[in-house]
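So the chains spell out like this:
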Amino acid sequence: MAEQQWVITVDEEHLDGIDAVVTELEAAGLVVDRVLRSLGQITGHTQTSPGVQTQTTGAAPSFSAVSGVASADGAQRHHIAPPDAEVQ
């Protein structure tokens, strides 16, 4: 199983109650890594199975449905080989 990283943005009306949003996101399956209160963002991850596709790329319907969530975006990780690595 691979990890899918997520960046959740909290809407302005729910910034004071960001802890309640965190609790609901955890109940929806997000493993919270950081709560960035000054930015109004929550970062976390979920476990995904290789070969299983989501309904729409980058979408997290269960996270978007949480009260106070303005957006739920899948984060991508990119790796670059060191300069002395062979061409693949």
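The numbering scheme is per chain: residues are counted from 1 as the chain's sequence reads. Since the coordinates come from a predicted model, pLDDT governs what is reported: local features require at least 70, and pairs of side-chain atoms require 80 or more to be given and counted, while whole-chain, interface and lining totals use all residues. Excluded from the side-chain calculations are hydrogens and water; all other atoms, namely the structure's heavy atoms, are used.

If you check an unreviewed UniProt entry, the protein chain appears there as Ketohydroxyglutarate aldolase from Nesterenkonia sandarakina.

1. Section: the overall build of the protein chain
To keep it simple, the criterion reads: Secondary structure is summarised from DSSP: a helix means a run of H or I of at least four residues, a strand means a run of E of at least two, and numbering begins at the N terminus for each. Here's how the labels work: a residue is buried when its accessible area is under 20% of the maximum for its type, exposed when over 50%, partly exposed in between, all with a 1.4 Å probe on protein chains only. Whether two residues are in contact is decided by their heavy atoms, any of which lying within 4.5 Å being enough.
When helices and strands are counted, the protein chain shows 2 helices and 4 strands. Scored against the burial criterion, the 88 residues of the protein chain give a buried share of 25%. By sequence separation, contacts in the protein chain at least 24 residues apart represent 65% of the contacts at least 6 residues apart.

2. Some details on the pattern of salt bridges
The condition that has to hold: A pairing counts as a salt bridge when a side-chain nitrogen of Lys or Arg comes within 4 Å of a carboxyl oxygen of Asp or Glu.
Counted according to the given criterion, the structure contains 1 salt bridge. In this structure, Arg-37 and Asp-19 form a salt bridge, with 2.8 Å as the shortest nitrogen-oxygen distance. One end of the pair, Arg-37, is in the loop between strand 2 (31-36) and strand 3 (41-48); the other, Asp-19, is in helix 1 (residues 18-27), with 18 residues separating them in the sequence.

3. Some remarks on the packing of aromatic side chains
Each aromatic ring pair is summarised here by two numbers: the centre-to-centre distance and the angle between the ring planes. Worth spelling out the cut-off: Two rings from Phe, Tyr or Trp (for Trp, the six-membered ring) form a pair when their centres are within 6.5 Å of each other. A pair whose planes differ by under 30 degrees is stacked, one over 60 is edge-to-face, and the rest are tilted.
For the structure shown, the criterion picks out 1 aromatic pair. Centre to centre, the rings of Trp-6 and Phe-63 are 5.6 Å apart; their planes meet at 80°, and the pair counts as edge-to-face. One end of the pair, Trp-6, is in strand 1 (residues 2-10); the other, Phe-63, is in helix 2 (residues 61-64), and 57 residues separate them in sequence. This pair shows no difference in class: Trp-6 is buried, exactly as Phe-63 is.

4. Some words on the nonpolar core
The condition that has to hold: Nonpolar cores are built from buried Ala, Val, Leu, Ile, Met, Phe, Trp, Tyr and Cys residues. Side-chain atoms within 4.5 Å join them into one set.
Ile-8, Val-21, Leu-25, Leu-30, Ile-42, Phe-63 and Val-69 are the most contacted members of the largest nonpolar core, which has 13 residues in total. The set of elements that each furnish at least two residues to this core consists of strand 1, helix 1 and strand 4 (69-75). For this core, the element with the highest residue contribution is helix 1, accounting for 4 residues. Apart from the residues within four sequence positions on either side, Ile-42 is in contact with Trp-6, Val-7, Ile-8, Val-10, Ile-18, Val-21, Val-22, Leu-25, Leu-30, Val-32 and Arg-34.

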